[in-house]
Amino acid sequence: MVYVVSMEKPDISENIIESLAQGVIAVDNLMNITVFNQAAEKITGISSSYAVKRHFTDVFTRDRWLHDIMNATIKKCNVFTEYEGSIVQRYGTPRSVSVTTAPVFNTKGDMIGAVVILKDTSHIKPLEQESARRDRLAFIGTFAASLAHEVKNPLGGIRGAAQLLSKRLKEKTFREYTDLIIRESDRLNSIMEDILEFANPKKINPLPVNIHKILDDVLMLQQCTIDARGINNIIREYDPSIPPILGDSEQLMQVFLNIIKNSIEAVGKNGEVRIITRVAADFHLIEERYRGGKFAEIEVRDNGCGIPEEYIEKIFTPFFTTKKKGSGLGLAISLKIIKEHGGFFRIDSTQGKGTVVSVLLPITREG
Ligand SMILES: Nc1ncnc2c1ncn2[C@@H]1O[C@H](COP(=O)(O)OP(=O)(O)OP(=O)(O)O)[C@@H](O)[C@H]1O
Ligand SMILES: [Mg+2]
């Protein structure tokens with residue numbers, strides 16, 4: 001229960017209420033709003049000048065559950081503690097909140113209204129989702145790793161036998177079959193290695209690396225595929241001011257190989273893949289938690305098939321693939337590596353138009 005001397009706000013308590021991080025809303029016995037602090041404005045998107053003196057139900061027009069809670073608090077003196085719900089903000093965006101209510105009494109013990117404390121819980125949901133994602137990944141990782149171990153040995157046997165057979169076969173047409181067995185065994189083996197790598201990633205060995213050298217090496221490795229697919233527009237726009245990045249060159253190479261390979265696979269003949277690097281100043285960064293740091297941004301832009309909206313959030317999930325011969329591990333492994341490096345990904349894609357995959361790596365950690 002909350003006791004206040006009067007519902008008239010003395011200056012000091014007004015300042016205290018205004019500076020609280022939680023939204024504080026007070027109503028009188030008729031449910032007219034008397035207090036609506038700054039945090040309440042931020043959480044609800046409603047200004048206090050609009051809310052104060054209005055009836056609670058006229059301000060929270062779309063939140064019936066909140067009316068019920070307030071009614072129960074005022075009429076039955078019920079107290080609600082950290083009640084989870086979602087309120088509709090002024091422009092229709094839902095926001096998760098936890099609500100605590102209490103009736104308010106004066107010194108004589110007469111009830112003079114009620115108070116609601118609103119806590120913004122919208123950030124808790126993503127954290128829970130992230131933790132569920134981690135659990136799922138850990139499970140997939142362990143399961144897949146044991147499976148990969150079991151598959152790798154017989155696979156080696158199959159490959160060896162096909163090689164022996166190939167040596168003994170005189171007829172060329174039959175040798176095509178054994179070659180196919182060998183090729184497909186190699187492909188399966190590399191998938192198994194990806195799975196093992198995903199489940200037990202190697203520790204990063206951070207040294208100053210030149211990101212442009214890594215990108216050039218990747219493009220050199222991919223040159224045959226680029227030529228075979230008839231892609232003649234590979235454009236590099238490197239920012240020479242990017243300093244060396246503290247990272248594991250082998251693992252970063254794997255990341256950019258995966259990303260560039262995806263772009264090459266996405267574009268058609270005469271497609272274009274553009275690799276742009278720049279130093280990302282603060283204003284380029286939307287994510288609040290990364291503000292204040294300096295990042296190297298490596299952007300791989302293609303004008304390929306694009307990613308349908310409903311797939312965007314799945315592309316980092318292990319084994320998610322839309323390709324006939326894809327393992328769906330490329331981006332899952334890359335995400336893990338980039339996170340290990342303290343960086344993050346950004347994806348922007350329009351189906352039918354193309355995709356932009358950006359990797360942001362911190363450059364402030366050296367020395
Ligand atoms: N540049 C891109 N353009 C279009 N789709 C893409 C692009 N990059 C990724 N994707 C989509 O994301 C999916 C997952 O990519 P990821 O690299 O993890 O696996 P994959 O390419 O299917 O298989 P793998 O890389 O293991 O051979 C792809 O199957 C594709 O649907
Ligand atoms: Mg891939």
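A. Structural detail: the overall build of the protein. Counting its regular elements, the protein contains eleven helices and 13 strands. For the protein, the C-alpha radius of gyration of 29 Å lies well beyond 21 Å, the compact-globule estimate for 367 residues. With respect to the principal axes defined by its C-alpha atoms, the protein has extents near 105 × 45 × 40 Å.

B. The arrangement of the environment of valine 97 in detail. Checked against the element boundaries, valine 97 lands in strand β5 (residues 94-105). For valine 97, a count of 24 C-beta atoms within 10 Å translates into the label buried. When neighbours within four sequence positions are excluded, valine 97 is seen to be in contact with Ile43, Gly85, Ser86, Ile87, Leu118, Lys119, Asp120 and Thr121.

C. Representation of the site of ligand 1. Inspection of the region around ligand 1 gives 22 residues, with Ala266, Thr321, Gly326, Gly330 and Leu331 positioned closest. Only α9 (249-266) and α11 (330-340) provide two or more residues apiece to the shell around ligand 1. Here the element with the most residues in the shell around ligand 1 is α9; it accounts for four residues. Residues that form the shell around ligand 1 fall into these classes: eight nonpolar, twelve polar and two charged.

D. Examining the sheet that holds strand β12 (residues 344-350) more closely. The sheet built from five strands is open, its strands ordered β8-β10-β11-β13-β12 with mixed pairing. At either margin of the open sheet sits one strand with a lone partner, and together these are β8 (233-237) and β12. For this sheet the average axis-to-axis angle between neighbouring strands, irrespective of direction, equals 15°. Two elements, strand β10 (residues 272-280) and strand β11 (residues 295-302), share eight bridges in a ladder whose sense is antiparallel. Bridge pairing in β11 links isoleucine 276 to glutamate 299.

E. Here's a closer look at the packing of helix α7 (residues 172-199) against α11. At their nearest, the axes of α7 and α11 sit 10 Å apart, and the two run at 30° to each other. The angle between α7 and α11 falls in the class roughly parallel. You can see that α7 and α11 cross each other, and the crossing is left-handed. Within the contact between the two elements, α7 uses Asp194, Glu197 and Phe198 and α11 uses Ala332, Ile333 and Lys336. Broken down by class, the residue content of the contact of α7 with α11 amounts to three nonpolar, no polar and three charged.

F. Local environment of the pairing of strand β3 (residues 33-36). Strand direction decides the pairing type here: strand β2 (residues 23-28) and β3, joined by three bridges, are antiparallel. Opposite isoleucine 25, over in β3, you have phenylalanine 36 as the bridge partner. The antiparallel hairpin formed by β2 and β3 contains four residues in its connecting segment, where methionine 31 sits at a positive phi of about 70°.

G. Representation of the domain arrangement of the protein. Partitioning the protein into domains gives domain 1 (2-120), domain 2 (123-200) and domain 3 (203-367). Taking only C-alpha atoms into account, the centre of domain 1 sits 58 Å from that of domain 2.

H. Here's a closer look at helix α5 (residues 64-76). Compared with an ideal rise of 1.5 Å per residue, which puts 13 residues at 18 Å, α5 spans 17 Å between its outermost C-alpha atoms and is within 8% of the ideal. If you follow the buried residues of α5, they end up packed against β2, α4 (56-59), β4 (80-88), β5 and β6 (111-120). In the segment just after α5, cysteine 77 is the residue with positive phi, at about 60°.

I. Inspection of the nonpolar core at higher detail. Counting 41 residues, the largest nonpolar core has Ile195, Val255, Phe256, Ile260, Val273, Ala296 and Leu361 as its most contacted members. Mapped by element, the contributors of at least two residues to this core are α6 (124-168), α7, α8 (211-228), α9, β10, β11, α11 and β13 (354-362). Once you skip the residues sitting within four places of it in the chain, valine 273 turns out to touch Ile231, Asn233, Ile234, Ile260, Ser263, Ile264, Val267, Val300 and Asp302. Counting residues in each nonpolar core, the second largest holds 27 residues, with Ile43, Ile74, Ala114 and Ile117 among its members.

J. Region of interest: α8. The end-to-end C-alpha distance of α8 is 26 Å, a good match for the 26 Å that 18 residues give at a rise of 1.5 Å each. Of all the bends in α8, the greatest, near 55°, is centred on glutamine 222. Along α8, the residues classified as buried are Ile211, Ile214, Leu215, Val218, Gln222 and Ile226. Packing partners of the buried residues in α8 comprise β7 (207-209), β8, β9 (245-247), α9, β10 and β11. Phi for glycine 230, located one or two positions after α8, is positive at around 70°.

K. Spotlight on the pairing of β10. Here β8 pairs with β10 via five bridges, running parallel. Among the inter-strand pairings, asparagine 233 is bridged to a residue of β10, identified as glutamate 272.

The rules behind the values
Residues numbered from 1 in each chain as written. Chains lettered and ligands numbered in written order. Predicted model: local features only at pLDDT ≥ 70, side-chain atom pairs only at ≥ 80, totals over all residues. Helix = DSSP H or I, 4+ residues; strand = E, 2+ residues; numbered from the N terminus. Rg over C-alpha atoms; globule rule 2.2 N^0.38 Å. Buried ≥ 20, exposed ≤ 12 C-beta atoms within 10 Å, placed from the backbone. Contact = placed C-beta atoms within 7 Å. Near = placed C-beta within 6 Å. Nonpolar A, V, L, I, M, F, W, Y, C, P; charged D, E, K, R; others polar. Pairing = 2+ DSSP bridges. Axes fitted to C-alpha atoms, helices over the stretch in contact; angles between N-to-C directions. Parallel < 35°, antiparallel > 145°, perpendicular 65-115°, else oblique. Left-handed = near helix turned anticlockwise from the far one by under 90°. Domains from an automatic or database assignment. Expected span 1.5 Å × (residues − 1). Core = buried A, V, L, I, M, F, W, Y, C linked by C-beta atoms within 7 Å. Bend = angle between axes of the 7 residues up to and from the residue.

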